[in-house]
Amino acid sequence: MTPEFDLIARYFTRPQQNTDLGIGDDAALITVPPGHQLAISADMLVAGTHFFADANPYGIGWKSLAVNVSDMAAMGAEARWATLAIALPEIKEAWLAEFSRGFFDCAERFGVSLIGGDTTRGPLTISVQIMGVVPQQLALTRSGAKAGDDIWVSGPLGTAALALAAMQGRYPLTPDTLAECSVALHQPQPRAALGLALRQIAHSAIDISDGLLADLGHILKASQLGADIRFADIPLSPITRQHVADTAVQGMVLAGGDDYELCFTASPAKRDQIAALGRQLGLSLAVIGQTRIQAGVDVYDADDTRLEIKKSGFDHFI
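The residue numbering used here restarts from 1 in each chain and proceeds along that chain's sequence as written. Predicted model: local features are reported for residues with pLDDT of at least 70 only, side-chain atom pairs are reported and counted for 80 or more only, and whole-chain, interface and lining totals are derived from all residues. Water and hydrogen atoms were dropped before computing side-chain values, which therefore reflect all heavy atoms in the structure.

A. Structural context of a nonpolar patch on the surface. Together, Val32, Leu38 and Ile40 line one region of the surface with nonpolar side chains, adding up to about 230 Å² of accessible area. Summarising the element assignment, Ile40 is placed in strand S1 (residues 36-46). Each patch groups residues whose relative accessible area exceeds 30% and which form no salt bridge, using 9 Å between like charges and 5 Å between nonpolar side chains of Val, Leu, Ile, Met, Phe, Trp and Tyr. Surface accessibility follows the Shrake-Rupley procedure with a 1.4 Å probe radius. Residue values consider only the protein chains on display as shielding. The rule for a salt bridge is simple: a side-chain nitrogen of Lys or Arg has to be within 4 Å of a carboxyl oxygen of Asp or Glu. Here a helix means four or more residues in a row that DSSP labels H or I, a strand means two or more in a row labelled E, and each is numbered from the N terminus.

B. Looking closely at the pairing of strand S9 (residues 286-292). The element S9 is extensively covered by neighbouring structure, given that six of its seven residues are classed as buried. The pairing criterion is simple: DSSP has to find at least two bridges between the two strands. Sheet analysis places strand S5 (residues 150-153) next to S9, joined by four bridges and oriented antiparallel. Looking at the pairing, Ile151 lines up with Gly289 of S9. Bridging between strand S7 (residues 226-230) and S9 involves four bridges; their strand directions are antiparallel. Residue Ile229 lies in a different strand from S9, and its bridge partner there is Gly289. We call a residue buried when its accessible area falls under 20% of the maximum for its residue type, exposed when it is over 50%, and partly exposed in between, using a 1.4 Å probe and counting protein chains only.

C. The environment of Asp259, seen in detail. One can find Asp259 in the loop between helix H9 (247-255) and strand S8 (262-266). Looking at Asp259, the relative accessible area reads 9%, which means it is buried. In the structure, Asp259 is positioned 51 residues away from Ile208 in sequence and 5.8 Å away in space, judged by C-alpha atoms. The residues touching Asp259, leaving out its near neighbours within four places in the chain, are Pro156, Leu157, Gly158, Thr159 and Ile208. Any two residues whose heavy atoms approach within 4.5 Å at even a single point are treated as in contact.

D. Here's a closer look at the sheet that holds strand S10 (residues 296-300). Spatial ordering of the open sheet is given by S6-S8-S5-S9-S7-S10, a layout of six strands whose pairing is mixed. Each having just a single partner strand, strand S6 (204-207) and S10 make up the two edges of the open sheet. Averaged over all adjacent pairs, the angle separating strand axes in this sheet is 20°, with direction ignored. One ladder, built from five bridges, connects S7 with S10; its direction is parallel. Residue pairing for S10: Arg230 is matched across the bridge by Tyr300. Across the sheet, helix H7 (residues 212-223) touches S5, S6, S7, S8, S9 and S10, and the angle it forms with S6 is around 150°. Across the face of the sheet, helix H10 (residues 271-281) comes into contact with S5, S8 and S9 while running at roughly 5° to S5. Only the stretch in contact is used when fitting a helix axis, every axis being a line fitted to C-alpha atoms; angles between N-to-C directions are given from 0 to 180 degrees.

E. Inspection of the environment of Ala79 at higher detail. Inspection of the secondary structure assignment puts Ala79 in strand S2 (residues 78-88). Residues in contact with Ala79, not counting those within four places in the same chain, are Met72, Phe110, Gly111, Val112, Ile130, Met131 and Gly132.

F. Summary view of H9. Buried within H9 are the following residues: Val249, Gln250, Met252, Val253, Leu254 and Ala255. The inward-facing, buried residues of H9 abut helix H4 (159-167), H7, helix H8 (238-243) and S10. Its side-chain oxygen at 2.8 Å from the backbone nitrogen of Ala248, Asp246 defines the N-terminal cap of H9. Once H9 ends, the next one or two residues include Gly257, with phi positive near 85°. Counting of polar contacts relies on pairs of N or O atoms within 3.5 Å, with two restrictions inside protein: one atom must be capable of donating a hydrogen and the other of accepting it, and residues adjacent in sequence are counted only when both atoms are side-chain atoms.

G. Quick peek at H10. Turning to H10, its buried residues are Ile274, Leu277 and Gly278. For H10, the angular spread of the buried residues around the axis is 100°, confining them to a single face. The exposed set on the far side of H10, more than 90 degrees from its buried face, consists of Asp272, Arg279 and Gln280. In this fold, the buried residues of H10 make contact with S5, helix H6 (192-197) and S8. Once H10 finishes, Gly282 follows within two positions and takes phi at roughly 70°, a positive value. Arc, as used here, means the arc of the directions from the helix axis to the C-beta atoms.

H. Just the sheet that holds strand S3 (residues 113-121), in detail. If you walk across this open sheet you meet the four strands as S1-S4-S2-S3, and the pairing is mixed. Since the sheet does not close on itself, it has two edges, and those belong to S1 and S3, each with one partner. Each strand axis lies, on average, 15° off the axis of its neighbour in the sheet, ignoring direction. Alignment of S2 against strand S4 (residues 125-135), held across nine bridges, turns out to be antiparallel. Of the residues in S4, the one forming a bridge with Thr83 is Gln129. The strands touched by helix H2 (residues 57-74) within the sheet are S1, S2 and S4, with S1 carrying the most contacts at an inclination of about 145°. Where helix H3 (residues 93-110) meets the sheet, it contacts S2, S3 and S4, and its direction lies at approximately 170° from that of S2.

I. Geometry of the pattern of salt bridges. Scanning the entire structure with this criterion turns up ten salt bridges. Between Arg292 and Asp228 there is a salt bridge whose closest N-O contact spans 2.5 Å. Residue Arg292 is located in strand S9, and its partner Asp228 is located in strand S7; the two are separated by 64 residues in the primary sequence. For Asp228, a relative accessible area of 29% translates into the label partly exposed. A network of salt bridges, in which partner residues are shared, links Asp228, Arg292, Asp298 and Arg306.

In structure tokens form, the structure reads like this:
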């Protein structure tokens, strides 16, 4: 067996579910249940851009799949299958063992089978394609928001961005505080159950990967709407709340990214139903504003002062 196929056999071959034919042939075979559509998404993680090259490989493995599961959640789709293409500068057995452990821990947690992929030599790059199923006509999209909708987020924002800023030396945190924040950055928790529950409740949805304002902006553009946001209503972790008086941290909350919470819109008539759903799932769901006909986004402080927005989110080419 060549080193490449030995690597695949040792680290990336596991029992598979919901799969007619998995790893071992030129292509996998899957069957989509009757009355469902196939939802497909892909994400690429590059060392030095999406994670530090010396980051914990377990966290890299978890996150590489989790960000894709989050995309499925935002569509109201049930994640089922994934492929993994990975470029490695060299084969490091200990690194691969921890990376694959993180990847498959996430896969087991969310019911995803790895059904194929590729390996090659090159700068450390991880590319995951994920596939899921959603009943026909029930997928959540970005274009369904309606004027006057409540704007919700599924949990605290800004914690991962705070951790990244500290790791880059842009914001001071104690080692213990940084370690606590880093969990949000390295092991995001996709809101898969929430995405499924919102299918016939929410009008639109997106996951927050590049920052609240940037990703909400995608919903607003697709739905031809604007929004008013109340900063004080955005849920924060206890650590982020301790620092939120700093305008730099306010920017992390609004535009930092890497939160992987869901942002969704729904009729105000659904408010009690959604709040009950949050309690059922143990999530701090919060209404942070409303959509409006007028284009643009305005963010207001607790005293109704409009905040100056300098950056809306992460851009790979800026």
